[in-house]
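Here are the chains, one letter per residue:
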Amino acid sequence: MAESNAINESNTSESSEFFGLLARYENPDSLVNGCHQARLAGYTKMDAFSPFPVHGIDGAIGIQKTKLPIIVFCVALMACGLGVFLQFYTNGYTNHSPIFPGYPFKISGKPMYSLPANIPVIFEVIVLLSAFAAFFGMWILNGLPKLANPLFRNQEFRRSTSDGFFLFIEKADGSFSETGTRGELQQWGAVSVDRITAPEDELQVPGYAKLGILIVASLILVPPVVIYRAQYTKNPLPRMHVNPDMDRQFRGQTQDASPIVNGNPLFADDRVMRKDPPGTIARGELARLEDSMFYHGVKEGSAEMTGDKPKDLISHSVETADDKEKAESQDVELDWAEEFPRQIKSVLSANASGMAIYNRGKQRFDVYCSACHGYAGYGDGHVSNRGMALNKQQKAEWVQAKSMFDPKVMSQPVGRIFDTITNGRGAMAPYRSQIPAADRWAIIVFVKSMQISKTATEKDVPQDARLQRWEQVDPLKNDQTTPPPEAADSEAADSEAGQAEKNKAEKNKAEKNKAEKNKAEKGKTAESKAASPEKSTEESSNKEPSAESPSGEPGN
Amino acid sequence: MIRSFGFGAVMVVAAILGFALSGNYSISDTDSHGWFKRFLFSYHVSFCFVLSISVGCLFVVLILNLTRAGWGIVIRRLAEIISSVILPLLILFLPIFLITVFGGRSDLGSTLYIWNNPEFLNSNEIMNHKLDFLSPGWFGLRVLIYFTILGMMAFFFMGRSVKQDDSGAKSISTGMQRASAPCMILFAFTVVFASFDLEMSLAPRWFSTMFPVYFFAGATMGAFATLILVSNLLQNRGILADDITEDHYHDMAKLSFAFVFFWGYVAFSQFMLIWYANIPEETFWFRYRLDWQKGWAIVSIMLLFGHLFIPFLGIMSRSVRRNRQYLFGASIFLLFFHWLDHYWLVMPQFGAVTSGHITVDSNEAPGIMAFFLDLILGVGICGIYAGLIFWRAGDKPLIPVSDPRLVESLNFKNP
Amino acid sequence: MATVDQKNDNTIEDPGTRAPLVLGGLDYKGVTDTVSNVAFGEGPPRIWYVVLGISTLLMGMLFGCVGHLIMTGVGVWGNNNPVFWGWPIVNFVFWVGIGHAGTLISAILFLLRQNWRTSINRAAEAMTIFAVVCAGLFPGVHIGRVWSFYWLFPIPTEHLAMWPNFRSPLLWDVFAVSTYATVSLLFWYMGMVPDIATFRDRAKNKIQRLAYGVLSLGWTGSARHWHRYEMAYVILAALATPLVLSVHTIVSFDFAVSQVPGWHTTIFPPYFVAGAIFSGFAMVVTLMVPARELFGLKNLITSRHLENMNKIIMATGLMVGLAYGIEFFIAWYGGNPYEQFAFVNRAFGSYWWAYWIMVSCNVLIPQLFWFKFCRTNPWVMVGICLFVNVGMWFERFVITITSLSRDFLPSSWAYFTPTPIDIMMLIGSFGLFFTLFTLFCRFLPMVAMSEVKGVLPHEEHDEDSSGHSEHEEA
C-alpha cells in the first residue's frame, strides 16, 4: 500500500526516482526529539543530518556502537608483531634467506638483536598502522567516498553543513507512507518536509570519470614497473654522477704524494702523511712523564728518568738495527721499583678488588704471556716448545723462554719485570702497545703470586683456608666468578679464557669457551688456588666466598 | 584515626621485630648492625612511597586550581587533605633524619646514605667535589626546607579552601588560582631537589637528570590511584555517595592511565639513554638492577609489566574506567606497584660496597621472608599515614561545599 | 554582573560561570559565514598578495639553494670537522619543534577537553604539517646523494642484501618524522572534511564545487557518519598524543644516546618536548594574531584564546628553564670534567652570545606574560613570541654547535661559521612555510567550523542548558 502510494507520487518527474522524505528541524534539540519520536513510531530506515555531532542523537536514532576501536586494536597488535619481526628479520640474525637476504653488521657495540633499540621503531609502526586503520576504517565503514547522493539535489539540504538539522526517512522503511509520514514529521516539530528525488541517469558514474580513474591508475603503476625492470638491466655504463664534487675532493689519500698547489707540492717532503712535530706527546700521555713508578717501574725521582723523556714516549722513533743492538748491549739497570706503585697497592689492600686485579692479571697473562712462557710460567709455552723442537732439527736458533721460577727472575724487583714487559728483553718483543700499564701491573701481581707459591710451604697457608682449599678442588663444584661490574664493561668483548695447567684436555676446552663469560675458573687446581695475592694470603682466602661467588655459596 | 595509628604502630613494631629476629643481613664483616640497616632501608622505601603520594596530591591540587578545572572540584578536598600531611610526615622521617644528620660522617650516620661513610669517601675521588653538598648538616637543612615549602603550600591551599566553605567568596577561588602559578614553580624546584636528595643520593656517584621527572610521574600516578581508592572507601561507607559519580571515576582513571603511560615513557627514556651510551659511571646503576643472578632483574621485569603493560591494557577501555568496583582493585594494584617502584629505587643500594673504586656490588634481591617483612612494614607505615590523614581531615567537609564551580562538577558528564 | 563583562571581554574570569568562547553573538550560521567569507568573500586583503609574493620569492631562493647543493654536494654548507651537524640539523630540530603545537592542540587538548582549542586547532594543524615539510627538507638533502633516499626505508632488494640499521637513532628519526607527518596529515584532513563539505555547499563556481566536492568525499553530516567519525577522532587523538611525544623524544635521542658532553643527559626527551611545544605555540600566536585581524576572525579567535596560548607558552618556557637548571646542576654533581667543561663553555665560551640570547629569549622575556596586559595585547604578545622563536632556534644552535665545536679532543676544536648558503636556506625555509600557510588561509577552512559549533551554547533552547554549556578552560 505504502509502496504503491510512493510510486504514484513520484510521477511528477518522468525519469526520476523517489527516495524518501527529508524534514528540517530548527535546532539540535528538536532534531533529537524528532528522531526519538520517529524511532518510537517504529521507523528504522532513517538518518539524521547535522553540521556537527549532536549530543544524544545516537540513542535517539538507535545507532549501534561502532566496531572501529576493536578493528584498530587488532591492527595495533598486528603492527606490534610486524615491527618486531621486521627488525628481527633485517638486523637480528644472520639472514641467508634466498629471496630477501640480509647482511648483518654490528653497530656501536650493540647486540645484533637488541629489543631496547628496536622499541622506537616498533612504536612508530604501531601508531602509523593504527592511524591508517582508524582513518581508512572510518571512511570504509561510512561508505565514503560517495560523491553522488540524491540528498545533494535538495537546495535546502545544503544547510546541513551550516545550520540545518535534518531527518531523512527512507521510502524503503516498513512503516513509511508518504502522507502519513509527512504528517508525523510535521507533528514532531519539523519546520519543513521535502520529497527527495533524483533523475536515474545521474546516479551512474559518468563515463569520462571512469576513464580518468583508469588512466590515473595505470599511470601510478609506471614507476614500480620501471624500478622493477631496472633491477635486471645489464647496463655497462657507469652510474650517473649528479654531484661530481663529492667524487673528486681536495684531500690526500693515505701513503699518497703531496697534492700540487700552484705548481709546487703542498709539503716539501712530497708526502701527504705528516709526522708529528718532534717531542710531541699525545694527549693524556703526560702522566707517563710524571709518574715514573707506575709507567716505567722506576723509583720516584730517580735520576735516569728526570732528564730526558723515556724512550717509549718519543713519537715515531725509527729504530735502526744499530740502535736496537746498542740498546740491548747497554741494557742499563735503573733504579727499579721494589714494590708496587701506590695505585696498585691501594687496590690490592682491599679484598674484593685485590682478587679482581689478580684475576685480571692471570687472564692477561694467559692471553699475552702464556704462548711462550706457558700457562704455569715454566717457559714451556706452545711457541717456545715449537722453537726448541726446531732447534733440535737445526732449523732455528730459538732461545728458551724464561721460566718465572728462574732464580734470576725470582730475584728481580717488580719494576724490572715491568720494564721487561714494557720494552722487551732479548728476543722478547715490547708489549707496551698491546698491554696498558695497569694491566702490566696486574700481570706482575699474578707472576709474583706464582713465584710465592713455589716457595711457600703449607705453614704459610692459614688453618681455615686449608680446609677450604680442598673444598675448592672438588671438581664437582663449579666455582664461578663474575667480574666486577665496572671492569667487566671493558672486558666484555675479550672475556676471560679458561685457566688450566699442564692439562691439555682442559686447555683445549678452555680455548673453546673463550668467548663465554663466567667460565673463568673452571679448571682450578690446588696450586693456583694457594697462590693468592701477595701479602694478604690470609685475608683473601677468608673473604673469597663473599667477593668471588655471586651465587653466595657459603664459604665459611 | 586512633585505630589506624594503633594498627600502623603494631605492624611497624612487628616488622622491626621480624628484621631483628630473622637473622643476619650484614653484607660485610664491618657491618655490625646489619638488621638495623636492612630495616632502615625498608623503612625508607615505605616512607618515600607515602611521601610521594602526598606530593602527587599536592600537584593535583595545584593543577586543578591552575587550570580552573571544573570537573575535579569534588575530589579536590580529598587531595588537599592528603597533601596536607606532608609536614606531619616529618615525624615519620625523624629516624632517618636523626641518624643521618646527627650520626654524622660515621658508620652509624651512613646506615642509609653511604655518602656519610668516611671509607667510601676516601676511596672515591669523584666524591671530593660534592663533599659539601652531601654533608649531614647541609642535607638536613635542605630536607627541612623541602618539607617546609611543600607543607606550607599544602596548608595554604587547604586553609583557603576551608575558608571558602564558610564564606563562599568567589575571590578565594581567583586567589587560589593566582597563587597556584608561582606555587607550581616552587613545587617543581622543590621536588627536583628533594628527589635528588632523598632517593638519588642513595647511590651518590650515580646521576640522571631525568630522575626528578621519574619521581614525579610515579608520584602523580600514585596520587590518582590513591584518590580513586579513597573515594571508593568513602562511598563504600555511604559517604559522598552521590557526589562522586562514575564520570569522576572515569576522569581519575583516565589520568591514572595517562600517568602510567608517562611513567613508562620516562622510565624507558632514562633506561634507553643510559643503556645506549654505555658510559660505565651511569650503567652500573642499571647493571645491578638488571642482574638475573641476584634477582633484581625479576623486580625490574615485574615493574615493567605491573607498572606499565598490565595497567596500560587494564584501564584502557571506557567501560572499565567507569566501573567503580573494578577501579578499586586496579588502584590497589597500581599502589602496590608504585611501592615496588620505590623499592626498586632504594633497596638495591642496600648492598653498596663502601670501599674500592672498582667494585660496586649490590646485595641479592630479598627472599620471600624479607620481602614479606618489607610489606608488613609498608602496611604499617601506610596505617600511620592513614591515621595522619584522618587527623588532618578532622571534621572538615570532604568536598569544598561553597566552591563556585561545585555545581558544574556535580553535574559533570564525561563525553 | 560579571557575565555581562564576559560578553565583551572574555578574558575576565568569573569562577562558577564559563566565559563565552565565541563573541559577537555568532550563531551557527554566523560561524559558517565568518569562516567561509575568507574563501568566498570579496577577495583577500592586499597584504595577503604581498606576503604571498615575498614568500614565494624566498621559496624560490630555497629551491635554488637546494638545486645548487644537490649538484655540488653538501660541502656548500659550513659543516666541517668537528661540527658535522651544523645549521641544517639546527634548522631541522627547530622546524620539527614548531610542528608540535598543532597536534598538541588537536590531540592533547582534545583529550583534556579544552574546548577553546576548537577555534585554533585547524590553523595550528596546518602549520604543523607545513613546518614538518620544512623540517624534512634539511635532513633530506643532508644525505648527500638525494636520489638514493629510499635506502632509508626497509625496501627489500634481491641483489643488494642490504637493510637499514634499526639500531641507529637517525633511522628512528626517519620513522618518527615520517609517521608524524603522515598521521598529522590524516588527522588534519579528517578534521577538515566536514568543513570542506561546508565550502562545497557554498561554492560559487564549478571549479570550486568540483574541487571541494571531491575533497569532501561526499560528506553529508549523517548521524551514523558522525558517530564513527567522532570515534575515529578520539582514536586518532589517542594515537597522536604519544606520537607527538615520541617525535621530539626521538629527535632528542639523536643527541642524547651519544657520549658528546652536553648531549648525553637523560632529561633530554621531556625537555625537548617541552621546548617543542613552547616554540610551536609561539609560532601559532605569531601567525594567528595577524590572521584573525586580516580575515575578520576576531570573534572566533578571541583574546581568551590568545591568553590561554600565552599561558601555555609561559608554562613550557618555565619547564625549559628548569631543564637548563637541572642540566647545569647535574653536570656539576656528576663530576665528569668534560661535562662540566661543556656547560661552562656554553655559558662563557666562544659561543657565549648564543647562550645568553637563548636564555634571555626563552626564560627571561616570556616572564612578561605574568602581566595580563602582555598576555592580551596583540602587539606585545607577537613581539614576545618572535623572541621565543629566535630563542628556540638558538637553543638548538647552542646544543648542537657548542658541544661539537669543543668536544674531547682540543686539537680538533674549531669555531663554526655558516656559509651564505646556510643562511639563505634558513630564510628560504621560512618562505616555503609562509607560502604554504598563506595559500592555506585563502583556500581551506581556517577554523574548524563543525567543532566550534559543537561547543557553542544552545542559545535557542533552555532545557538541559546547564549540562551542555560546560567549557573547561586552561
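What counts and what doesn't
Residues numbered from 1 in each chain as written. Chains lettered and ligands numbered in written order. Predicted model: local features only at pLDDT ≥ 70, side-chain atom pairs only at ≥ 80, totals over all residues. Heavy atoms only, no water. Helix = DSSP H or I, 4+ residues; strand = E, 2+ residues; numbered from the N terminus. Buried < 20%, exposed > 50% of the residue type's maximum accessible area, 1.4 Å probe, protein only. Contact = heavy atoms within 4.5 Å. Areas by Shrake-Rupley, 256 points an atom, 1.4 Å probe, with all protein chains shown as cover. Buried area = accessible area lost by both parts, 1.4 Å probe. Salt bridge = Lys/Arg side-chain N within 4 Å of Asp/Glu carboxyl O. Polar contact = N/O pair within 3.5 Å; in protein donor to acceptor, adjacent residues only side chain to side chain. Nonpolar A, V, L, I, M, F, W, Y, C, P; charged D, E, K, R; others polar. Pairing = 2+ DSSP bridges. pLDDT = per-residue confidence, 0-100. Disulfide = S-S within 2.5 Å. Axes fitted to C-alpha atoms, helices over the stretch in contact; angles between N-to-C directions. Phe/Tyr/Trp six-rings, centres within 6.5 Å; stacked < 30°, edge-to-face > 60°. Core = buried A, V, L, I, M, F, W, Y, C linked by side-chain atoms within 4.5 Å. Expected span 1.5 Å × (residues − 1). Bend = angle between axes of the 7 residues up to and from the residue. Parallel < 35°, antiparallel > 145°, perpendicular 65-115°, else oblique. Left-handed = near helix turned anticlockwise from the far one by under 90°.

The number of helices and strands found in chain A is 22 helices and six strands. A buried classification covers 40% of the 556 residues belonging to chain A. Sequence separation of 24 or more characterises 67% of the internal contacts of chain A that already satisfy a separation of 6 or more. Carbon and sulfur atoms provide 58% of the accessible area of chain A, an area that totals close to 31,600 Å².

A few words now on the side chain of Thr 103 of chain C. Residue and element names in this part refer to chain C. In this structure, Thr 103 sits in helix H5 (residues 101-111). We classify Thr 103 as buried; its relative accessible area is 3%. If near-sequence neighbours (up to four positions away) are discounted, Thr 103 is found in contact with Ile 108, Thr 128, Tyr 180, Ser 184, Ala 240 and Val 244.

Across the boundary between the two partners, chain C contributes 74 residues, which contact 81 residues of chain A. Buried surface at the junction of chain C and chain A, both sides included, amounts to about 7,000 Å², of which 65% is carbon and sulfur. If you look at where chain C meets chain A, you find one salt bridge. The partner of Asp 47 of chain A in a salt bridge is Arg 224 of chain C, with the nearest N and O atoms 3.9 Å apart. Where chain C packs against chain A, one counts 22 residue pairs in polar contact (both at pLDDT 80 or more). Elements represented by at least two residues in the side of chain C that touches chain A include exactly helix H2 (28-40), helix H3 (46-72), helix H7 (169-202), helix H8 (206-215), helix H9 (223-256) and helix H17 (449-455) of chain C. By residue class, the composition of the side of chain C that touches chain A is 39 nonpolar, 23 polar and twelve charged.

Residue and element names in this part refer to chain A. Of the two faces of strand E2 (residues 46-49), the one lined by Met 46 and Ala 48 and the one lined by Asp 47 and Phe 49 are each fully buried. Pairing geometry for E2 and strand E3 (residues 165-170), over four bridges, is antiparallel. Its bridge partner being in E3, Asp 47 is matched across the sheet by Phe 168.

Residues and elements named next belong to chain C. Residues with a pLDDT of 70 or more make up 94% of chain C, whose mean pLDDT is 86. Predicted confidence for residues 460-474 stays below pLDDT 50, and this span has 37 contacts to residues more than four positions away or in other chains. For this predicted complex, the interface confidence score (ipTM) comes to 0.90, while the overall pTM stands at 0.78.

Attention now goes to the state of the cysteines. All told, the structure shown has zero disulfides over all chains when counted by the stated rule. Of the cysteine sulfurs around Cys 65 of chain C, a residue in no disulfide, the closest is that of Cys 134 of chain C, at 14 Å.

All names here are of chain A. Taken in spatial order, the four strands of this open sheet run E2-E3-E1-E4, and their pairing is antiparallel. Sheet topology places E2 and strand E4 (192-199) at the edges, where each strand pairs with a single neighbour. Adjacent strand axes in the sheet meet at a mean angle of 25° when their direction is disregarded. Judged from the six bridges that link them, strand E1 (residues 16-25) and E3 form a sheet pairing that is antiparallel.

In this section: the packing of aromatic side chains. For the coordinates displayed, the defined rule picks out 115 aromatic pairs over all chains. Ring centres 5.7 Å apart and planes at 65° place the aromatic pair Phe 165 of chain A and Tyr 28 of chain C in the edge-to-face group. Placement of Phe 165 of chain A in strand E3 and of Tyr 28 of chain C in helix H2 is noted, with the two residues assigned to different chains. Ring centres of Tyr 271 of chain C and Tyr 324 of chain C lie 5.9 Å apart, and the angle between their planes is 85°; this geometry places the pair in the edge-to-face category. Of this pair, Tyr 271 of chain C sits in helix H10 (residues 268-294) while Tyr 324 of chain C sits in helix H11 (residues 303-334), and the two are 53 residues apart along the sequence. What makes Tyr 271 of chain C buried here is its relative accessible area of 3%. Assessed through its relative accessible area of 6%, Tyr 324 of chain C is described here as buried. Taken together, the ring pairs in this structure connect Trp 206, Phe 211, Tyr 214, Trp 263, Phe 271, Trp 275, Tyr 276, Trp 285, Phe 286 and Trp 344 of chain B together with Trp 172 and Phe 253 of chain C into an aromatic cluster.

What follows covers the pattern of salt bridges. Counted by the stated rule, this structure contains 29 salt bridges over all chains. The partner of Arg 159 of chain A in a salt bridge is Glu 156 of chain A, with the nearest N and O atoms 4.0 Å apart. On the accessibility criterion, Glu 156 of chain A (27% relative accessible area) is partly exposed. Of the charged contacts, one joins Lys 345 of chain A and Glu 339 of chain A as a salt bridge, the two residues approaching to 3.3 Å between their closest N and O atoms. Here the salt bridges share partners, and the residues they tie into one network are Arg 76, Arg 77, Glu 80, Asp 165 and Asp 403 of chain B.

Let's shift gears to the nonpolar core. Counting residues in each nonpolar core, the largest one holds 348 residues, and the members touching the most others are Leu 185 of chain A, Phe 187 of chain B together with Trp 95, Phe 281, Met 425 and Phe 440 of chain C. Looking at which element gives the most residues to this core, the answer is H9 of chain C, with 20 residues. Among all residues touching Phe 187 of chain B, those that are not within four sequence positions of it are Val 55, Leu 58, Phe 59, Leu 62, Leu 150, Met 153 and Phe 216 of chain B. One finds Phe 340, Leu 348, Phe 405 and Val 447 of chain A within the second-largest nonpolar core, a separate group that totals 26 residues.

Let us look at the environment of Val 121 of chain A. Residues and elements named next belong to chain A. The residue Val 121 is located in helix H5 (residues 115-142) in this model. A residue is classified by how much of its surface remains accessible, and Val 121, at 0% relative accessible area, is buried. For the pair formed by Val 121 and Val 72, sequence separation is 49 residues and the distance between their alpha carbons is 19 Å.

Residues and elements named next belong to chain B. For helix H4 (residues 89-103), which comprises 15 residues, the first-to-last C-alpha distance of 21 Å matches the rise-based estimate of 21 Å (1.5 Å per residue) to within 8%. The sharpest bend along H4 reaches about 45° and sits at Pro 95. The elements touched by buried residues of H4 are helix H2 (34-66), helix H6 (136-167), helix H7 (170-198) and helix H14 (368-393). With its phi angle positive at about 65°, Gly 104 sits one or two positions after the end of H4.

This part is about the packing of helix H12 (residues 337-348) of chain C against helix H13 (residues 352-364) of chain C. Residue and element names in this part refer to chain C. It is at 5 Å that the axes of H12 and H13 come closest, and there the two elements cross at 80°. When the axis of H12 is compared with that of H13, the two are roughly perpendicular. For the pair formed by H12 and H13, the contact residues are Arg 346, Ala 347 and Phe 348 on the first element and Trp 352, Tyr 355 and Trp 356 on the second. A per-class count over the contact of H12 with H13 returns five nonpolar, no polar and one charged.

Residues and elements named next belong to chain A. Put simply, chain A has an average pLDDT of 74, and 73% of its residues get 70 or more. Taken as a whole, residues 303-309 scores under 50 in pLDDT and shows eleven contacts with residues more than four places along the chain or in a different chain. Counting interchain partners and residues more than four positions distant, the pLDDT-below-50 stretch residues 477-512 has 76 contacts.

Bringing the environment of Val 251 of chain C into the picture now. Residues and elements named next belong to chain C. Among the secondary structure elements, Val 251 is positioned in helix H9. The class of Val 251 is buried, set by a relative accessible area of 1%. C-alpha separation for the pair Val 251 and Leu 170, spaced 81 residues apart in sequence, amounts to 8.2 Å. Among residues more than four places away in sequence, those in contact with Val 251 are Phe 92, Val 93, Val 96, Asp 173 and Phe 272.

For the rest of this paragraph, the subject is the packing of H7 of chain C against H8 of chain C. All names here are of chain C. For the pair H7 and H8, interaxial distance at closest approach is 8 Å and the crossing angle is 145°. The two elements H7 and H8 meet at a crossing, and its hand is left-handed. On H8, the residues that touch Tyr 189, Val 193, Ile 196, Phe 199 and Arg 200 of H7 are Arg 209, Tyr 212, Gly 213 and Leu 215. Each residue belonging to the contact of H7 with H8 can be placed in one class, and the counts come to six nonpolar, one polar and two charged.

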